[in-house]
Amino acid sequence: MAIVAKSFLHNDDKIVGASGDADGVLPEDIQDYITASGGTIDGTSNLNITCTKFGSKIFTLVVIDNNA
């Protein structure tokens, strides 16, 4: 698999959700992206997740590189 990346922009009230399956909530969106982009992360994969805050928004960048 080649290097794939995706950025997300969430309101700061969407970084934690009460439910594990709530779309539009940061952790669930990242989990859905990882699953859709390669299924699982294993010993041959490199996963990088970076977040920064801009006012009331959270910008997140997810990069997956599979060296297999």
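The model shown is predicted, which means the values in this text are computed figures rather than measured ones.

(A) Just the side chain of D29, in detail. Along the chain, D29 turns up in helix 1 (residues 26–38). Despite being buried, D29 has no salt bridge partner; K6 is the closest side chain of opposite charge, sitting 8.4 Å away. When residues no more than four places from it in sequence are discounted, the contact partners of D29 are F8, H10, D23 and G24.

(B) A look at the sheet that holds strand 2 (residues 45–54). The three strands are arranged 1-3-2 in an open sheet whose pairing can be described as antiparallel. Each edge of the sheet is formed by a strand with only one pairing partner; in this case those strands are strand 1 (4–11) and strand 2. Strand-to-strand twist of the sheet, defined as the mean angle between neighbouring strand axes without regard to direction, takes the value 15 degrees. Inspection of the sheet shows strand 2 paired to strand 3 (residues 57–66) by 10 bridges, in the antiparallel sense. Directly across from F54, in strand 3, lies its bridge partner K57.

(C) Up close: a nonpolar patch on the surface. Taken together, L9, F54, F59 and L61 make up a surface patch of nonpolar side chains, about 380 Å² in accessible area. Here L61 is to be found in strand 3. Its relative accessible area of 32% is what places L61 among the partly exposed residues.

(D) Region of interest: the packing of aromatic side chains. Scanning the entire structure with this criterion turns up two aromatic pairs. Between F54 and F59 the ring centres are 6.5 Å apart and the planes differ by 65 degrees, which places this aromatic pair in the edge-to-face class. For F59, a relative accessible area of 31% gives the class partly exposed. Lying over the aromatic face of F8, K6 brings its terminal NZ or CZ to 5.4 Å of the ring centre.

Definitions and cut-offs
- Residues numbered from 1 in each chain as written.
- Predicted model: local features only at pLDDT ≥ 70, side-chain atom pairs only at ≥ 80, totals over all residues.
- Heavy atoms only, no water.
- Helix = DSSP H or I, 4+ residues; strand = E, 2+ residues; numbered from the N terminus.
- Buried < 20%, exposed > 50% of the residue type's maximum accessible area, 1.4 Å probe, protein only.
- Lys, Arg positive; Asp, Glu negative; His and termini not counted.
- Salt bridge = Lys/Arg side-chain N within 4 Å of Asp/Glu carboxyl O.
- Contact = heavy atoms within 4.5 Å.
- Pairing = 2+ DSSP bridges.
- Axes fitted to C-alpha atoms, helices over the stretch in contact; angles between N-to-C directions.
- Patch = residues over 30% accessible without salt bridge, like charges linked within 9 Å, V, L, I, M, F, W, Y side chains within 5 Å.
- Areas by Shrake-Rupley, 256 points an atom, 1.4 Å probe, with all protein chains shown as cover.
- Phe/Tyr/Trp six-rings, centres within 6.5 Å; stacked < 30°, edge-to-face > 60°.
- Lys NZ or Arg CZ within 6 Å of the ring centre and 35° of its normal.

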